[in-house]
Amino acid sequence: EADIYQTPRYLVIGTGKKITLECSQTMGHDKMYWYQQDPGMELHLIHYSYGVNSTEKGDLSSESTVSRIRTEHFPLTLESARPSHTSQYLCASSESQGGTGELFFGEGSRLTVL
Amino acid sequence: AQSVTQPDIHITVSEGASLELRCNYSYGATPYLFWYVQSPGQGLQLLLKYFSGDTLVQGIKGFEAEFKRSQSSFNLRKPSVHWSDAAEYFCTISNFGNEKLTFGTGTRLTIIP
């Protein structure tokens, strides 16, 4: 039973379109993350947030942006999608104080840019 | 910098057979170690984790893993696999307090009848 939700699950769009991938969690976690996952490749952290109004770039450079206006919501936006953005995007969250380090993942958003 | 190596990209085993998935890491100290499983079309789920103490850790779904400091390894094992174990398995590491995990490239497990 997922407590972290991503929409859309699948998205096919044309080059130049603006897209927003939604991520919401109901666990009250302060920490949230976006990972990019290509087939046969490891997950790469592209954004993270340690709380409201906190956002940081991850280890992999990304043209996407994120916002954290509410604790439960961490959307990712691409202003102008390109075929190189085709990938799967995974959102995750974790406890802050006293956490075990476990990440809770959504089911992912698979983006295809034509 | 920390890194994780999963040398086996794809493993095929028969249902009921034993399984071992290899994981080696590089880190200056003892990291926090995790195994995650990703079923087709799903997100990742934590199987087990090691922070300290007993080097043999038990996880969900009958999996276990053993931390071997001398070999910088954290191999995942299961004595008898089930068809539902077919999935992608990721070994990950993190240093203390830093939950920006470093993931291996994953091992895809196929189960044959």
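Let me sum up the structure you'll find in this document. These numbers come from a predicted model, not from an experiment.

What counts, and where the lines are drawn
Per chain, the residues get numbers from 1 upward, laid out in the order the sequence is written. Written order decides the labels, with chains lettered from A and ligands numbered from 1. The predicted origin of the model limits local features to residues at a pLDDT of at least 70 and limits the giving and counting of side-chain atom pairs to 80 or more, whereas totals for whole chains, interfaces and linings rest on all residues. Excluded from the side-chain calculation are hydrogens and water; included are all heavy atoms of the structure. Here the term buried applies to any residue with accessible area under 20% of the maximum for its type, exposed to any over 50%, and partly exposed to those in between, with areas from a 1.4 Å probe on protein chains only. Secondary structure counts use DSSP, requiring at least four H or I residues in a row for a helix and at least two E residues in a row for a strand, with both numbered from the N terminus. In this description, strands pair whenever DSSP reports at least two bridges between them. Contacts were defined at the residue level, with two residues in contact if any of their heavy atoms lie within 4.5 Å. What gets called buried area is simply the loss in accessible area from a 1.4 Å probe that two parts show on being joined, summed for both. Criterion for a salt bridge: a side-chain nitrogen of Lys or Arg within 4 Å of a carboxyl oxygen of Asp or Glu. In the analysis that follows, any N or O atom pair within 3.5 Å is treated as a polar contact, provided that within protein one partner can donate a hydrogen and the other can accept it, and provided that, for residues neighboring in sequence, both atoms belong to side chains. Cysteine sulfur atoms are paired as a disulfide whenever they fall within 2.5 Å.

### Examining the pairing of strand β2 (residues 10-14) of chain B
Taken residue by residue, a regular strand's side chains alternate between the two faces of the sheet.
Residue and element names in this part refer to chain B.
Consideration 1: Residues Ile 11 and Val 13 line the buried face of β2, whereas the alternating positions His 10, Thr 12 and Ser 14 sit on a face that is not buried.
Consideration 2: Two elements, β2 and strand β12 (residues 107-112), share five bridges in a ladder whose sense is parallel. Across the sheet, the residue bridging to Val 13 is Ile 111, located in β12.

### Things to note about the interface of chain A and chain B
Consideration 1: Taken together, the contact between chain A and chain B spans 23 residues of the former and 18 residues of the latter.
Consideration 2: A buried area of about 1,700 Å², summed over both sides, lies between chain A and chain B, and 51% of it is on carbon and sulfur atoms.
Consideration 3: Applying the counting rule to chain A against chain B returns zero salt bridges.
Consideration 4: Our count for the chain A to chain B interface comes out at two residue pairs in polar contact (both at pLDDT 80 or more).
Consideration 5: Of all the secondary-structure elements, those providing two or more residues to the side of chain A that touches chain B are β4 (31-37), β5 (43-51) and β9 (87-94) of chain A.

### Considering the sheet that holds strand β1 (residues 4-7) of chain A
Residues and elements named next belong to chain A.
Consideration 1: With antiparallel pairing, the four strands of this open sheet are ordered in space as β1-β3-β8-β7. Of all strands in the sheet, those with a lone pairing partner are β1 and β7 (65-66), marking the two edges.
Consideration 2: As defined by bridge partners, β7 adjoins strand β8 (residues 76-78) across two bridges and the pair is classed as antiparallel. For Val 66, the partnering residue across the bridge sits in β8 and is Leu 76.

### Observations concerning the pattern of salt bridges
All names here are of chain B.
Consideration 1: Scanning all chains against the criterion turns up nine salt bridges over all chains.
Consideration 2: We note a salt bridge from Arg 22 to Asp 8, for which the minimum N-O separation is 2.8 Å. Placement of the pair is Arg 22 in the loop between β3 (19-21) and β4 (24-26) and Asp 8 in the loop between β1 (3-5) and β2, with a sequence separation of 14 residues.
Consideration 3: For Asp 8, a relative accessible area of 18% puts it in the buried group.
Consideration 4: Ionic pairing is found between Arg 77 and Glu 66, a salt bridge with its closest N-O pair at 3.2 Å. In this pair, Arg 77 is assigned in strand β9 (residues 73-78) and Glu 66 in strand β8 (residues 64-68), connecting sequence segments 11 residues apart.
Consideration 5: It is possible to trace a salt-bridge network through shared partners that takes in Glu 64, Glu 66 and Arg 77.

### A word on the state of the cysteines
Consideration 1: By the definition in use, this model includes two disulfides over all chains.
Consideration 2: Bridging Cys 23 of chain A to Cys 91 of chain A, the disulfide has an S-S length of 1.9 Å. Taking the sign of the S-S torsion, about -75° here, the bridge from Cys 23 of chain A to Cys 91 of chain A comes out left-handed. Placement of Cys 23 of chain A in strand β3 (residues 19-25) and of Cys 91 of chain A in strand β9 is noted, with a sequence separation of 68 residues between them. Across the pair, Cys 91 of chain A and Cys 23 of chain A agree in class, each one buried.
Consideration 3: Note on cysteine connectivity: Cys 23 of chain B is disulfide-linked to Cys 91 of chain B, with sulfurs 1.9 Å apart. The chirality of the disulfide connecting Cys 23 of chain B with Cys 91 of chain B is left-handed, given an S-S dihedral of about -65°. Residue Cys 23 of chain B is found in the loop between β3 and β4, and its partner Cys 91 of chain B is found in strand β10 (residues 87-94); the two are separated by 68 residues along the sequence.
Consideration 4: Assessed through its relative accessible area of 0%, Cys 23 of chain B is described here as buried.
Consideration 5: On the accessibility criterion, Cys 91 of chain B (0% relative accessible area) is buried.

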